[in-house]
Amino acid sequence: MSSEQPQEKASQSASLLYGDFEWPDNLFAEMYELGSVAFLVYTFGYIVDAARKISVDGKEFVGLKLEGDHNQNVAKSNIPNEDSTLKRSFTPEEVKRLIQDNEEILSAYEKTSQFRGEKLARLYESLDEMIARSESSDEERPLTLEEFDDKFQTEEPVYGVCKDAINKRITVVFRGTNDLAFFF
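**Student:** How do you make sense of the packing of aromatic side chains when you look at a structure like this?
**Tutor:** Geometrically, a pair of aromatic rings is defined through the distance of the ring centres and the angle of the planes. In total, this model carries four aromatic pairs according to the counting rule given. Between phenylalanine 44 and phenylalanine 90, the aromatic rings sit 4.7 Å apart at their centres with planes inclined by 45°, giving tilted as the arrangement. Linking phenylalanine 44 in helix 2 (residues 27-56) with phenylalanine 90 in the loop between strand 2 (73-76) and helix 3 (92-101), this pair joins segments that are 46 residues apart in sequence. A residue is classified by how much of its surface remains accessible, and phenylalanine 44, at 1% relative accessible area, is buried. Given a relative accessible area of 2%, phenylalanine 90 falls into the buried group. Look at tyrosine 159 and phenylalanine 174: their rings are 6.3 Å apart centre to centre, the planes differ by 50°, and that puts the pair in the tilted class. Linking tyrosine 159 in strand 4 (residues 159-164) with phenylalanine 174 in strand 5 (residues 169-174), this pair joins segments that are 15 residues apart in sequence. For tyrosine 159, a relative accessible area of 26% puts it in the partly exposed group. Accessibility expressed as a relative area gives 53% for phenylalanine 174, which makes it exposed. Members of the aromatic cluster, joined through ring pairs, are Phe44, Phe90 and Phe148.

This is the structure we're talking about:
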């Protein structure tokens, strides 16, 4: 019996630290979900870049509002309240809707073929998987891209901050660079 007591204490300590969090079965499962978050941020970056390029041509990108000098600030166009925290928060479903509403513009986007053919189909599958995970949760807006900054992408790092209430995780995703000046 004395050998079970330390194990019980360790279990109680872990439950105090982690609450009802359930660790993934293996490293692949954990990394797969983190990869999905990075994928969401990178996809959103392509969308924002395309929206900025289109706005220069005087066309409108449906669902996204670009404000400030050089269209640096990104927000949803369908939320009238300027102070709303939801204005800059995007769920996987909202990102999918941005792609669907602007598919023609995105398919002509020269930086990536991600929005054409088989890659577009895989993009929708990945977003659908994230949407299904969200819908299976009891949380309201459990997976969200909370902040995205690429305002000065030629002068500083680009990043996205995602909230994952399902796994009780905040993830910061940085885009890589080949310029060492970003790190100093």
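**Student:** Honestly, unusual backbone geometry in this entry has me stumped. Any pointers?
**Tutor:** Excluding glycine, most residues fall at negative phi; most peptide bonds, likewise, are trans. Phi is positive for arginine 141, close to 55°, though the residue is something other than glycine. Of note in the backbone geometry, lysine 168 takes a positive phi value of approximately 55° without being a glycine. With respect to the helices, strands and loops of the structure, lysine 168 is situated in the loop between strand 4 and strand 5.

**Student:** How should I be thinking about the pattern of salt bridges in this particular structure?
**Tutor:** Between side chains of opposite charge, a pair can form when the charged atoms approach closely. Tallying each qualifying case throughout the model produces five salt bridges. Between aspartate 49 and lysine 53 there is a salt bridge, with the nearest N and O atoms lying 3.4 Å from each other. Of the two residues, aspartate 49 and lysine 53 are both situated in helix 2; the distance of four residues between them amounts to about one turn of the helix. Note on lysine 53: relative accessible area 32%, which makes it partly exposed. Arginine 133 is the salt-bridge partner of aspartate 164, the closest N and O atoms lying 3.1 Å from each other. Taken as a pair, aspartate 164 in strand 4 and arginine 133 in helix 5 (residues 117-135) lie far apart in primary sequence, 31 residues in all. The same class applies to aspartate 164 as to arginine 133, namely buried.

**Student:** I'm lost on helix 5 in this one. Help?
**Tutor:** The periodicity of an α-helix, 3.6 residues per turn, causes residues three or four positions apart to be oriented the same way. In this model helix 5 runs 27 Å from its N-terminal to its C-terminal C-alpha over 19 residues, within 8% of the 27 Å that 1.5 Å per residue would give. Restricting attention to buried positions, one finds in helix 5 the residues Leu120, Leu123, Tyr124, Leu127, Met130, Ile131, Arg133 and Ser134.

**Student:** Would you explain the environment of alanine 38 in this entry?
**Tutor:** Along the chain, alanine 38 falls in helix 2. With 122 residues separating them in the primary sequence, alanine 38 and glycine 160 have C-alpha atoms 8.4 Å apart.

**Student:** Help me understand the sheet that holds strand 5, please; the structure alone is not making it clear to me.
**Tutor:** Each strand in a sheet pairs with another by means of backbone hydrogen bonds, the pair being arranged parallel or else antiparallel. Here three strands make up an open sheet; going across it, the order is 3-4-5 and the pairing antiparallel. Strands at the two margins of the open sheet, each flanked by one partner only, are strand 3 (143-149) and strand 5. Sheet twist, expressed as the mean angle between neighbouring strand axes with direction ignored, is 20°. Summarising the sheet, strand 3 and strand 4 pair through six bridges and their orientation is antiparallel. The partner of aspartate 149 across the bridge, within strand 4, is tyrosine 159.

**Student:** Can you help me understand the nonpolar core in this one?
**Tutor:** The nonpolar side chains of a soluble globular protein tend to be buried with one another. Residues Phe44, Ile47, Leu64, Val95, Ile99, Phe115 and Leu145 are the most contacted members of the largest nonpolar core, which totals 30 residues. Looking at this core, the elements with two or more residues in it are helix 2, strand 1 (64-67), helix 3, helix 5 and strand 3. Of the residues forming this core, the biggest block, eight residues, is contributed by helix 2.

What counts and what doesn't
- Residues numbered from 1 in each chain as written.
- Predicted model: local features only at pLDDT ≥ 70, side-chain atom pairs only at ≥ 80, totals over all residues.
- Heavy atoms only, no water.
- Phe/Tyr/Trp six-rings, centres within 6.5 Å; stacked < 30°, edge-to-face > 60°.
- Helix = DSSP H or I, 4+ residues; strand = E, 2+ residues; numbered from the N terminus.
- Buried < 20%, exposed > 50% of the residue type's maximum accessible area, 1.4 Å probe, protein only.
- Salt bridge = Lys/Arg side-chain N within 4 Å of Asp/Glu carboxyl O.
- Expected span 1.5 Å × (residues − 1).
- Pairing = 2+ DSSP bridges.
- Axes fitted to C-alpha atoms, helices over the stretch in contact; angles between N-to-C directions.
- Core = buried A, V, L, I, M, F, W, Y, C linked by side-chain atoms within 4.5 Å.

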